[in-house]
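Coordinates in review
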Amino acid sequence: GESVGLHLPTLSVQEGDNSIINCAYSNSASDYFIWYKQESGKGPQFIIDIRSNMDKRQGQRVTVLLNKTVKHLSLQIAATQPGDSAVYFCAEMGTTDSWGKLQFGAGTQVVVTP
Amino acid sequence: DTAVSQTPKYLVTQMGNDKSIKCEQNLGHDTMYWYKQDSKKFLKIMFSYNNKELIINETVPNRFSPKSPDKAHLNLHINSLELGDSAVYFCASSQFPGTGGRDTQYFGPGTRLTVL
């Protein structure tokens, strides 16, 4: 989704369900991708990353999928918990020329309901 | 132990003033960054330093000047503050990029700057 005005796209998930957060990136030269979680009043917190030579990577309760053909990245959270409520950002990094320069997506607000 | 710390957490000031935000990391990283997050939560890189040398300098007004006294510290000084400078500023750090810069960046807690 896209942000409209001040409102981030929001994903409402029931506690215990799985969450899928999607991200489209624009730079076909991007070869490193990261998902960050930002809770209210805090800085972005690293969740999981993936390099372009992979299409799937799993962490604890999280899985990142990368589809380079359609320039799409997704984050799956298994058995979503109230503590997962936050804004989630995807970020990409390109070729050597963009050394260390992370480009962030707009963010998705995840709200976990009981 | 706090990995990346920033001070102050909140900064309220008048237009035209000069202010500084300090950042320190105890992760032993060689590279540090400053990001700006606007009211729509959009995060954008401003600067990056590697071993005290500037390596990324985005299109940022020259009223903003980063200073790195050593590789564990990266401070941000802002001159002649304007209303549009109101935002949350995040410091981050990463290891020396043996992978061409593609290393995880760890963020500080942020400094909320409000210019009145």
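Structure report, in brief. None of these values were measured; they are calculated from a predicted model. (Residues numbered from 1 in each chain as written. Chains lettered and ligands numbered in written order. Predicted model: local features only at pLDDT ≥ 70, side-chain atom pairs only at ≥ 80, totals over all residues. Heavy atoms only, no water.)

1. Examining the sheet that holds strand β7 (residues 64-70) of chain B
All names here are of chain B. Test applied: Strands qualify as paired when DSSP identifies two bridges or more between them. Secondary structure counts use DSSP, requiring at least four H or I residues in a row for a helix and at least two E residues in a row for a strand, with both numbered from the N terminus. Between N-to-C directions, angles cover 0 to 180 degrees, with each direction set by a line fitted to C-alpha atoms, over the stretch in contact for helices.
Across the sheet, which stays open at both edges, the four strands sit in the order β1-β3-β8-β7 with antiparallel pairing between neighbours. Pairing within the sheet leaves two strands with one partner each, and these edge strands are β1 (4-7) and β7. Going from strand to strand, the sheet's axes swing by 20° on average, the running direction of each strand aside. In terms of strand pairing, strand β3 (residues 19-25) meets strand β8 (residues 73-78) through four bridges, oriented antiparallel. Paired with Glu 24 across the strands is His 73, a residue of β8.

2. Observations regarding the pattern of salt bridges
To keep it simple, the criterion reads: A side-chain nitrogen of Lys or Arg and a carboxyl oxygen of Asp or Glu constitute a salt bridge if their distance falls within 4 Å. Only protein chains enter the accessibility calculation, which uses a 1.4 Å probe; a residue whose area is less than 20% of its type maximum is buried, one above 50% is exposed, and one in between is partly exposed.
Scanning the entire structure with this criterion turns up eight salt bridges over all chains. Where Lys 42 of chain A meets Glu 39 of chain A, a salt bridge forms, and the shortest distance between an N and an O atom there is 4.0 Å. By relative accessible area, which is 47% here, Lys 42 of chain A ends up partly exposed. Glu 39 of chain A gets classed as partly exposed once you look at its relative accessible area, which sits at 25%. Of the charged contacts, one joins Asp 85 of chain B and Arg 63 of chain B as a salt bridge, the two residues approaching to 2.8 Å between their closest N and O atoms. Placement of Asp 85 of chain B in the loop between β8 and β9 (87-94) and of Arg 63 of chain B in the loop between β6 (53-57) and β7 is noted, with a sequence separation of 22 residues between them. Three or more residues joined by partner-sharing salt bridges are found here, namely Lys 101 of chain A together with Lys 44 and Glu 58 of chain B.

3. Regarding the state of the cysteines
Residues and elements named next belong to chain B. What counts, and what does not: By convention in this document, the label disulfide applies to cysteine sulfur atom pairs within 2.5 Å.
All told, the structure shown has two disulfides over all chains when counted by the stated rule. Through a disulfide, Cys 23 is tied to Cys 91; the S-S separation comes to 1.8 Å. Because the sign of the S-S torsion sets the handedness, a value of about -75° for the bond joining Cys 23 and Cys 91 places this disulfide among the left-handed ones. You can see Cys 23 sitting in strand β3 and its partner Cys 91 sitting in strand β9, a full 68 residues away along the chain.

4. Brief notes about the layout of surface pockets
Our working definition: Grid points spaced at 1 Å and placed over the protein atoms alone form the basis of the search, with a cavity being a set where a 1.4 Å probe fits but cannot get out and a pocket an open set showing protein on both sides within 12 Å along at least five of seven lines. Lining residues have an atom within 4 Å of a point. Grid points are joined across faces, edges and corners, and a volume is the space filled by probe spheres set on the points. For this scheme, ten residues count as nonpolar: Ala, Val, Leu, Ile, Met, Phe, Trp, Tyr, Cys and Pro. Four count as charged, namely Asp, Glu, Lys and Arg, and the remainder, Gly too, count as polar.
Here the largest pocket is characterised by a volume of approximately 530 Å³. Taken together, 31 residues make up the lining of the largest pocket; nearest its centre are Cys 23, Ala 24, Cys 90, Gly 105 and Ala 106 of chain A. At the level of secondary structure, the elements contributing two or more residues to the lining of the largest pocket comprise β1 (10-14), β2 (19-24), β3 (32-38), β8 (86-93) and β9 (103-104) of chain A. It is β8 of chain A that contributes the most residues to the lining of the largest pocket, six residues altogether. Residues that form the lining of the largest pocket fall into these classes: 17 nonpolar, 12 polar and two charged. Lining the second largest pocket are 19 residues, and of these Gly 41 of chain A together with Gln 37, Lys 41, Val 88 and Arg 112 of chain B lie nearest its centre. Where the lining of the second largest pocket is concerned, the elements lending two or more residues are β9 and β11 (111-115) of chain B. Among the elements that make up the lining of the second largest pocket, the one with the highest residue count is β9 of chain B (three residues). Class assignment for the residues of the lining of the second largest pocket results in five nonpolar, eight polar and six charged.

Purely spatial values, then, with no claim about function.
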